[in-house]
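Remarks on the overall topology
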Amino acid sequence: MDLPAPYLLLVALLVIGLLGLVLRWAFAPDNPTRDYGLLREVATAPTPTAAKAVEHHLRQAGIKSTTAPTPDGTAYRILVFPADERTAINALLDS
């Protein structure tokens, strides 16, 4: 079976496209709105000002942190790296 070059190119592009779709489906996160990679949530704050205060407290304890809104947008999550998670929780509980 000898197909002309344009058909072979079309078949190759279709196969690559299907493979891309299958890989995207297979490796997609379960819940993309809650996926922050390695970061772990250590606290939740109701307002941006409260979240900044928690971040400031953690920064004074030598812990890097960041803030992200919750999926519903009503609160703010304070996130740290896994290595700092226990230290951050202890720093917040001691205050």
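Here we summarise the structure given alongside this text.

Conventions adopted
Residues numbered from 1 in each chain as written. Predicted model: local features only at pLDDT ≥ 70, side-chain atom pairs only at ≥ 80, totals over all residues. Heavy atoms only, no water. Pairing = 2+ DSSP bridges. Helix = DSSP H or I, 4+ residues; strand = E, 2+ residues; numbered from the N terminus. Axes fitted to C-alpha atoms, helices over the stretch in contact; angles between N-to-C directions. Parallel < 35°, antiparallel > 145°, perpendicular 65-115°, else oblique. Left-handed = near helix turned anticlockwise from the far one by under 90°. Contact = heavy atoms within 4.5 Å. Core = buried A, V, L, I, M, F, W, Y, C linked by side-chain atoms within 4.5 Å. Buried < 20%, exposed > 50% of the residue type's maximum accessible area, 1.4 Å probe, protein only. Expected span 1.5 Å × (residues − 1). Arc of directions from axis to C-beta.

Now for the pairing of strand β2 (residues 66–69). As judged from the 4 bridges shared by β2 and strand β3 (residues 76–80), these two strands associate in the antiparallel manner. Across the sheet, T66 pairs through a bridge with L79, a residue of β3. Here β2 folds back onto β3, and the loop between the two strands holds 6 residues, one of which, G73, carries a positive phi near 80°.

So, on to the packing of helix α2 (residues 48–60) against helix α3 (residues 82–94). Orientation of α2 relative to α3, taken along the N-to-C sense of each, is 110°, at an axis distance of 10 Å. Relative to α3, the element α2 is oriented roughly perpendicular. Like other packed secondary-structure pairs, α2 and α3 cross with a definite hand, here right-handed. Contacts from V54, H57 and L58 of α2 reach α3 at A88, A91 and L92.

Here is a general trend for soluble globular proteins: nonpolar side chains tend to be buried in one another's company. Counting 10 residues, the largest nonpolar core is built from V42, A43, A45, A51, L58, I63, I78, V80, A88 and A91. A per-element tally of this core places strand β1 (residues 40–45) first, with 3 residues. Apart from the residues lying within four places of it in its own chain, the contact partners of A45 are A50, A51, A75, Y76 and I78.

For α2, built from 13 residues, the straight-helix expectation of 18 Å at 1.5 Å per residue is met to within 8% by its first-to-last C-alpha distance of 18 Å. All of the buried residues along α2 are A51, E55 and L58. All buried residues of α2 fall inside an arc of 60° around its axis, so they share one side. Those residues of α2 that are exposed and angled more than 90 degrees off the buried face are T49, K52 and Q60. Buried residues along α2 sit in contact with β1, β2, β3 and α3. Count one or two residues on from α2 and you reach G62, which has phi positive near 85°.

The quantities given are spatial measurements derived from coordinates; they are silent on function.
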